[in-house]
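Residue-level structure breakdown
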Amino acid sequence: MGATAEDLEHRLDQGAWLLPGEVAKLLGIDRTTVIRAYLNPEPPKIRYRLRAGSGRYRECHPEDVRRELDRRRQVHGDQ
């Protein structure tokens, strides 16, 4: 069983770099949307690093993920 959004947010608060699928779960969007809209543009909207090893998985920068999560939670019209 995978981590819950709450678990992922706790890891994010601890400075963990998250995989695109984990970011998708946290933001409530599809994994391919994270890749296409946030990681693939030049420059990327969410910075990432490549995990060492044969898979070359991308790991998303925790500060950028937190910024996007906070932006999505913003209540528009509030001062």
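Residues numbered from 1 in each chain as written. Predicted model: local features only at pLDDT ≥ 70, side-chain atom pairs only at ≥ 80, totals over all residues. Heavy atoms only, no water.

1. Re the overall build of the chain
- Per the secondary structure count, the chain includes four helices and two strands.
- Put simply, the chain runs from its N terminus to its C terminus through helices and strands in the order α-α-α-β-β-α.
- Relative to the compact-globule value of 12 Å for 79 residues, the chain shows a C-alpha radius of gyration of 13 Å, a close match.
- Reported as C-alpha extents along the three principal axes, the dimensions of the chain are approximately 45 × 30 × 20 Å. (Helix = DSSP H or I, 4+ residues; strand = E, 2+ residues; numbered from the N terminus. Rg over C-alpha atoms; globule rule 2.2 N^0.38 Å.)

2. Quick look at unusual backbone geometry
- Pro43 follows Glu42 through a cis peptide bond whose omega is -5 degrees.
- Checked against the element boundaries, Pro43 lands in the loop between helix H3 (31-39) and strand E1 (48-50).
- If you check the backbone angles, Arg56 has positive phi at about 50 degrees while not being a glycine.
- Checked against the element boundaries, Arg56 lands in the loop between E1 and strand E2 (58-60).

3. Here we look at the packing of helix H2 (residues 20-27) against helix H4 (residues 62-73)
- Where H2 meets H4, the axes come as close as 10 Å, and the angle between the chain directions of the two elements is 20 degrees. In terms of orientation, H2 lies roughly parallel with respect to H4. Remark: the crossing between H2 and H4 carries right-handed chirality. Seen from H2, the contacting residues are Val23, Leu26 and Leu27; seen from H4, they are Val65, Glu68, Leu69 and Arg72.
- Here the contact of H2 with H4 is built from residues that sort into five nonpolar, no polar and two charged. (Axes fitted to C-alpha atoms, helices over the stretch in contact; angles between N-to-C directions. Parallel < 35°, antiparallel > 145°, perpendicular 65-115°, else oblique. Left-handed = near helix turned anticlockwise from the far one by under 90°. Contact = heavy atoms within 4.5 Å. Nonpolar A, V, L, I, M, F, W, Y, C, P; charged D, E, K, R; others polar.)

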